[in-house]
Amino acid sequence: SETTSGTVTVLTYESSDIASVKVVNQDNGYMSLVRCTQDSGKSVYSFEGDDFDPKEDYSQDKLFSYVNCLITYYSNNKVSSDGNYSAYGLDTPKFVITIETSNGNSSTVYLGNKTPDGQQCYLYVEGSKDIYTVDILKSFYASKNSLDFLAPVSLGVDYHELSAVHFDRKSDNLSLDTMVRMTNSGIADFTIYKPYEHGTSGYFGTLIDAVVSTKFTDFVDIKESEFSEYGLSDPCYHFVFSRKDGTNSELYLSSLIDGYYYGYIKGNKKFFKVPEMALEGLNLPELILIDPYICYSYVKDVSSITGTYGDKSFKFNLDVRDGSSIMSKDSTVELDGRNAKISDSMGRAYCSVLFESIACIKIGGIEMNPNTNTSVAPALSLTFIDKNYNTTVYAFYRRDDDSYYVFKNDEYMCFYVYATEIFKDGGADTYSYGYWKAYELLDEAIRNNTNGIYDF
């Protein structure tokens, strides 16, 4: 019968009028924020408290946010006008908040128990017997300690200064070492040099961008005896960013615990937590993090490709200028000396089918130690000659009936490919051919075309 509804302004101040805010926490002592004006005219808050550390850097943004939350109180429910404080935990309040203004006025707010649904807490203002409910956010803010006001920390990494990036993951024993090169467009390019030599995918770059750009703001008090509980006695994730000047930055992160990763930067004693969504790429499979193709290339860079399979072979000659298409008038494309610029009635070029199927041979899996006899000739090979007359040979040795190990210039790439990447017949779907079947399709189109058109 005492409960009334409707939004009520219990107490409110303008932030520009505040001189100080002091919070006494029944469990954790007190903290005080005092407003002052710098010579430049900018207002800042000095911070004091039982756990204040003068060596630390505290965030003014966080301090202002804290003050702004605790100087305004609106309620949708007045639950009592009788001053029966003990019924709501207000006789020994959890928090006592004293607000002082620049003109000498002050108010004291008392926060008591949570409401039964846990969404609000009880409040009264000194000098009044009225008891209200306010959002539980007020109690949450009042419970903050000095850790919550620390300035954000980051790895302080500038791509232009980097020479290498290391990433390892305990959950699947992944370990990648990459070199860093800045492209002319100002984008960092990562190339793996250990445990094998290969490019990375865009997903790897996105993960590194996320790690580098994250500002760690949510700090946690973790004692050494609690390292195991927070997954920090043997962190799951480890990044090392090596600079050209010989210095480096290291980040350690735990496995996922209740939606958060816990971590620290080497040399910094602050522990923090990061929400899962901030670092979504941490658990991507290795095959997703690396360049998915064995020999991805651009048609403008290739002079010829020679393919062998047993006693069969083909030679695919290309002269395509930068900016031109493979079928343009100024392009020359030949298969075994014959004009290969043949398309179907819809304009799909069979020479494109062949080049795309070669350039996009997908890695099937990673295997560090091949079980094959390399003293014999490979089952298949592809020899690339680029416009600068550099030769690169890819050899395919049988792994089993469905896959082949891949060697590049006689060095094992640590990858295998499935036979479908070579022998799949895509039928009407010309975007789904293995490269040898694509060669046979182009050969058929050359032999049976009419005025450069062939429909099979």
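Since we're looking at a predicted model, the values are computed, not measured.

> Can you explain the overall build of the protein chain? Please cite residues and give values.
For the protein chain, the helix and strand inventory stands at seven helices and 27 strands. Relative to its length of 456 residues, the protein chain is extended, with a C-alpha radius of gyration of 34 Å against a globular reference of 23 Å. Dimensions of the protein chain along its principal axes, counting C-alpha atoms only, are 100 × 50 × 50 Å. With 456 residues in all, the protein chain has 45% of them scored as buried. Long-range pairs, those at least 24 residues apart, make up 56% of the contacts in the protein chain with a sequence separation of at least 6. Accessible surface for the protein chain amounts to roughly 23,400 Å². Of this, 45% is attributable to carbon and sulfur atoms.

> Mind laying out the packing of aromatic side chains, listing which residues take part and the relevant values?
Under the definition given, this model contains 37 aromatic pairs. Taking the centre distance of 5.7 Å and the plane angle of 80° together, the rings of tyrosine 405 and tyrosine 412 count as edge-to-face. When sorted by exposure, tyrosine 405 lands in the same class as tyrosine 412, which is buried. By way of ring pairs, the aromatic residues Phe47, Phe52, Tyr58, Tyr66, Phe140, Tyr141 and Phe149 are connected into one cluster. In this structure, lysine 138 is placed above the aromatic ring of tyrosine 73, and the distance from its NZ or CZ to the ring centre is 5.2 Å.

> Before we move on, could you go through the environment of tyrosine 454 and cite the residues and values that matter?
With respect to the helices and strands, the residue tyrosine 454 is situated in the segment after helix 7 (435-448). Residue tyrosine 454 is classed as buried on the basis of its relative accessible area, which comes to 11%. Along the primary structure tyrosine 454 and isoleucine 208 are separated by 246 residues, whereas in three dimensions their C-alpha atoms are 47 Å apart. When neighbours within four sequence positions are excluded, tyrosine 454 is seen to be in contact with Ile342, Ser343, Asp344, Tyr350, Glu444, Ala445, Asn448 and Asn449.

> Residues and numbers for the sheet that holds strand 17 (residues 260-265), please.
The sheet built from nine strands is open, its strands ordered 13-12-11-10-15-16-17-18-14 with antiparallel pairing. A single partner strand is all that each edge strand has here, and the edge strands are strand 13 (198-199) and strand 14 (219-220). Alignment of strand 10 (residues 162-169) against strand 11 (residues 174-182), held across six bridges, turns out to be antiparallel. Pairing of aspartate 168 across the sheet is with serine 175, part of strand 11.

> Describe the nonpolar core, and please don't skip the residues or the numbers.
The biggest cluster of nonpolar side chains holds 121 residues, and the ones touching the most others in it are Ile97, Phe241, Ile294, Phe316, Leu382 and Phe396. Sorting elements by how many residues they give to this core places helix 7 first, with eight residues. When neighbours within four sequence positions are excluded, phenylalanine 396 is seen to be in contact with Ile361, Pro378, Ala379, Leu380, Ser381, Leu382, Tyr404, Tyr405, Val406, Val417, Ile422 and Tyr435. Grouped together as the second largest cluster of nonpolar side chains are eight residues, Leu232, Tyr262, Tyr264 and Phe271 included.

> How would you summarise the sheet that holds strand 19 (residues 302-309) if you had to cite specific residues and measurements?
Strand order across the open sheet formed by nine strands is 22-21-20-19-24-25-26-27-23, with antiparallel pairing between neighbours. Each end of this open sheet is capped by a strand with a single partner; those strands are strand 22 (338-339) and strand 23 (365-366). Seen against the sheet, helix 5 (residues 350-359) touches strand 19, strand 20 (312-319), strand 21 (332-335) and strand 24 (380-386) and runs at an angle of roughly 105° to strand 20.

> Residue-level account of the pairing of strand 25 (residues 391-400), with values.
Pairing analysis gives six bridges linking strand 24 to strand 25, with the strands arranged antiparallel. Within strand 25, the residue paired with leucine 380 across the bridge is phenylalanine 396. Counted along the chain from strand 24 to the antiparallel partner strand 25, the turn is four residues long, and its residue tyrosine 389 has a positive phi close to 70°. When strand 25 meets strand 26 (residues 403-408), the two strands line up antiparallel, connected through six bridges. Bridge pairing links tyrosine 397 to tyrosine 405 in strand 26. Counting the residues that bridge the hairpin from strand 25 to strand 26 gives two residues.

> Outline the environment of valine 165, listing residues and values.
Note on placement: valine 165 falls in strand 10. Note on valine 165: relative accessible area 1%, which makes it buried. Measuring from C-alpha to C-alpha, the distance between valine 165 and isoleucine 208 comes to 8.7 Å, with 43 residues separating the pair along the chain.

> Run through the pattern of salt bridges, naming residues and quoting values.
Within this structure, the stated rule accounts for 18 salt bridges. Aspartate 27 is the partner of lysine 94 in a salt bridge, and the nearest nitrogen-oxygen pair spans 2.0 Å. Here the residue lysine 94 occupies a position in the loop between strand 5 (72-80) and strand 6 (95-101), and aspartate 27 occupies one in the loop between strand 2 (18-25) and strand 3 (29-37), the gap between them amounting to 67 residues. Among the residues examined, lysine 94 registers a relative accessible area of 28% and is labelled partly exposed. The shortest N-O distance in the salt bridge between glutamate 356 and arginine 348 comes to 2.9 Å. Among the residues examined, arginine 348 registers a relative accessible area of 12% and is labelled buried. Shared partners join several salt bridges into a network, and the residues in it are Asp336, Arg338, Asp443 and Arg447.

> A description of the side chain of serine 357 should follow, citing residues and the corresponding values.
Among the secondary structure elements, serine 357 is positioned in helix 5. Its relative accessible area of 8% is what places serine 357 among the buried residues. With residues up to four places along the chain from it excluded, the contact list for serine 357 reads Tyr433, Gly434, Tyr435 and Ala438.

> Outline the packing of helix 5 against helix 7, supporting the account with residue identities and numerical values.
At a minimum axis distance of 8 Å, the contact between helix 5 and helix 7 shows a crossing angle of 165°. Considered as vectors, helix 5 and helix 7 are oriented roughly antiparallel to each other. Taken as a pair, helix 5 and helix 7 cross one another with a handedness that is left-handed. The segment helix 5 lies against helix 7, with Tyr350, Cys351, Val353, Leu354, Ser357 and Ile358 engaging Tyr435, Ala438, Tyr439, Leu441, Leu442 and Ala445. Classifying every residue of the contact of helix 5 with helix 7 by side-chain character gives eleven nonpolar, one polar and no charged.

Quick notes on the rules
Residues numbered from 1 in each chain as written. Predicted model: local features only at pLDDT ≥ 70, side-chain atom pairs only at ≥ 80, totals over all residues. Heavy atoms only, no water. Helix = DSSP H or I, 4+ residues; strand = E, 2+ residues; numbered from the N terminus. Rg over C-alpha atoms; globule rule 2.2 N^0.38 Å. Buried < 20%, exposed > 50% of the residue type's maximum accessible area, 1.4 Å probe, protein only. Contact = heavy atoms within 4.5 Å. Areas by Shrake-Rupley, 256 points an atom, 1.4 Å probe, with all protein chains shown as cover. Phe/Tyr/Trp six-rings, centres within 6.5 Å; stacked < 30°, edge-to-face > 60°. Lys NZ or Arg CZ within 6 Å of the ring centre and 35° of its normal. Pairing = 2+ DSSP bridges. Core = buried A, V, L, I, M, F, W, Y, C linked by side-chain atoms within 4.5 Å. Axes fitted to C-alpha atoms, helices over the stretch in contact; angles between N-to-C directions. Salt bridge = Lys/Arg side-chain N within 4 Å of Asp/Glu carboxyl O. Parallel < 35°, antiparallel > 145°, perpendicular 65-115°, else oblique. Left-handed = near helix turned anticlockwise from the far one by under 90°. Nonpolar A, V, L, I, M, F, W, Y, C, P; charged D, E, K, R; others polar.

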